[in-house]
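# Fold and geometry: a report
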Amino acid sequence: MTQLNQALERPTVPTHTPHLRSHIKAAAEHLQNDSEEMRQCSPEQVLYHEYMQAGAPHGPALYAVKGEHWNGVSPKFLEFINAFQFQRSDMGYAESGYGIQRHRNFMRRLIVNEHHLGGRKPAPGLDIDVGCLAMTTRMAMYDMAKVALRHAQEHYPGKTPVALVPTPAWDYRGIFRDVGFEVVFLPLGPKNGWLPDLRQWDAIVRETVADGSRHVAMAVTNPQHNPTGMQWPVDVTHYLLELCAAQGGFLLLDDAYYCVHDPRAPVVNHLKALLDAFDRNGGDNELARSGMFERWVATRPFGKQFSCNTMGVAAITTSPKMLRGLSRESWINRYHTNTHNAELMCAWLATPEAADWTIETGLFYTRQKELVRARLKEHMGWTDAGLCVGPSTSYMLIEIPKVYQDAHGGIDRFRDDLFFATGTLVSASLFNQTAPVPYVRLHLGSHPDVIEEFLRRWQAAGLRYDMPETFGGREALARPVPAPAFRQEA
C-alpha cells in the first residue's frame, strides 16, 4: 500500500482543533507532577493526578486558573522571539537587580509616554526613577515588603504591622503574611458594583487601628482590578495614599493590567493621579512633606499584556531612594539574571506590532467575556447579577450554583466537583481568600476553541446556576461527558 493510500485510510477529521491540541499538550506538561510530595503544593496538580488515575474520563484536562497563556501569545511576538539574535553581553549576571541603565532608560520613556507624564515638572525631591525588573513583579513586591517591614519595626516598635489587601484579589496575602505582616482584607462585592466602598473600607481601617496595637504598614491598590476587571476610581488610590501617609505606611500600586483593557473604554490612570497628588501647589503640600514620596511603588508587568508570563519583565516606578531600597533587598536575596529577557522585551515594545497587539488583545478579551456571559445566561440559567464582567484584565467572575453556596468550603468544593464532572479547572479560593462572595474566577487567555470546549463540557454535564443537586464529587468521574464531534456523517 502506498503512503498516499495509507494516509487516506486514516481518519481525516481530528478530535480537536489545532489550538485546542496546543492547550491540551501544555496543560498536561504543566499539571503532571510525578512527585507525590511536590504536587501537594498545588491543588490543581493533586486534582489532575487523580483525574488521570481515573482515565481522564471527560477527555484531556483543560486549565483556566492562574493566568496561563500557553497558546494565547501574540503570533507576531512569537515570530519576533524566534528571529531575535542575542549578543554576548546579554548573558551572565547583571550588576543591578532592577535593570541595566539602557533598559531602565527605555522603561522610563515608556512609563512617561503611556501614563501621560510628559508635561510633568516635578519639584526637587519628587522625580521618579524606573527600574527594569526581569524576575516578575512578585519579586519586587517581596523586596518592597521587606523594606516596609523594617521601616515599621524601626518607627513603630511594639505595634503589629498590618497590610491592607483587597479581596477578592491576586495573592498579595501570600507575600505580606510570609514576610511578617498581619493581613486585613478590604472586601469587594456585587452590592457596590464590584467597586471599593470607601466608607466600608474606612470603617474596617478604623476598627483595625482603634486600640493602638496595630498600624497600617502597607496597602494595595489594583486599579484595573484582578479578578473583577473593574476599573477603580482614582479616589481609591487617593484614599489609600493619604491613609499610608498618615500611618507611616507604604503603598503598592499594582498596575498589572493597565493596557490589558477594552480599548474603546477610557483607561483610568492611577499613576498619574498619584503623582498629581504630590505635585499640588508645586510640590509644596502636606502629602509631599509627610515623606510619603519615599514609600510607594508602582509595578507594571508586560507578561499580561503580551501573553508571555514566563519572561517576567516589568517596569518598576518609584522614587530614587525607594528603588535603591528595593535593589538592596534584591542583592541580599538573589543573583540578578534574565537580562536577555529584558533586552528582548524592550526591543519588542519598541515595535509597531507591540502597539497593534495591545489593541487586538483588549478586544479579544472583551469578545471572550461576552461569549461566556451569553452562553451562561442563555443555556445554563445565570443572570447578569451572577456574572462579573469588567473592561479590564483577562478574567471574569462566575457565581457558583446555589446548591454549592451553603455547603462547607463551597467555592473549592465546586471547583473540585466541576473538574471531576468535566475535566475543566477554574480558580477558587486562591484569589478569594476570605470567601466574602461565592464566585470562581475564569481565565480567558486561551484561544476561543478552548473556551468553547469548556462551555460545551459544562453544558453537557448539566451545569446550571439552579441545578437541583451537586455533581456528587468523584462519582462524576464515572459519568463521562460525550466527546466533541466534528463533521460526522448525517
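Residues numbered from 1 in each chain as written. Predicted model: local features only at pLDDT ≥ 70, side-chain atom pairs only at ≥ 80, totals over all residues. Heavy atoms only, no water.

Under the annotation held in an unreviewed UniProt entry, the chain carries the name Pyridoxal phosphate-dependent aminotransferase and is attributed to Massilia consociata.

So, about the overall build of the chain. Within the chain one finds 19 helices and 12 strands. At 24 Å, the chain has a C-alpha radius of gyration in line with the 23 Å of a compact globule built from 490 residues. Referenced to the eigenvectors of the C-alpha coordinate spread, the extents of the chain come out at roughly 80 × 55 × 45 Å. Taking all 490 residues of the chain together, the buried fraction comes to 54%. For the chain, long-range pairs separated by at least 24 residues make up 76% of all intrachain contacts whose partners lie at least 6 apart in sequence. (Helix = DSSP H or I, 4+ residues; strand = E, 2+ residues; numbered from the N terminus. Rg over C-alpha atoms; globule rule 2.2 N^0.38 Å. Buried < 20%, exposed > 50% of the residue type's maximum accessible area, 1.4 Å probe, protein only. Contact = heavy atoms within 4.5 Å.)

Attention now goes to the sheet that holds strand 12 (residues 439-443). In spatial order, the strands read 9-10-12; together these 3 strands make up an open sheet with antiparallel pairing. Since the sheet does not close on itself, it has two edges, and those belong to strand 9 (387-388) and strand 12, each with one partner. Pairing geometry for strand 9 and strand 10 (residues 395-399), over 2 bridges, is antiparallel. Bridge assignment links Cys388 to a residue of strand 10, and that residue is Leu397. (Pairing = 2+ DSSP bridges.)

Mapping Glu452 onto the fold places it in helix 19 (residues 448-461). In this structure the C-alpha to C-alpha distance between Glu452 and Arg464, which are 12 residues apart in sequence, comes to 16 Å. For Glu452, the residues in contact, after removing those within four places along its chain, are Leu371 and Arg375.

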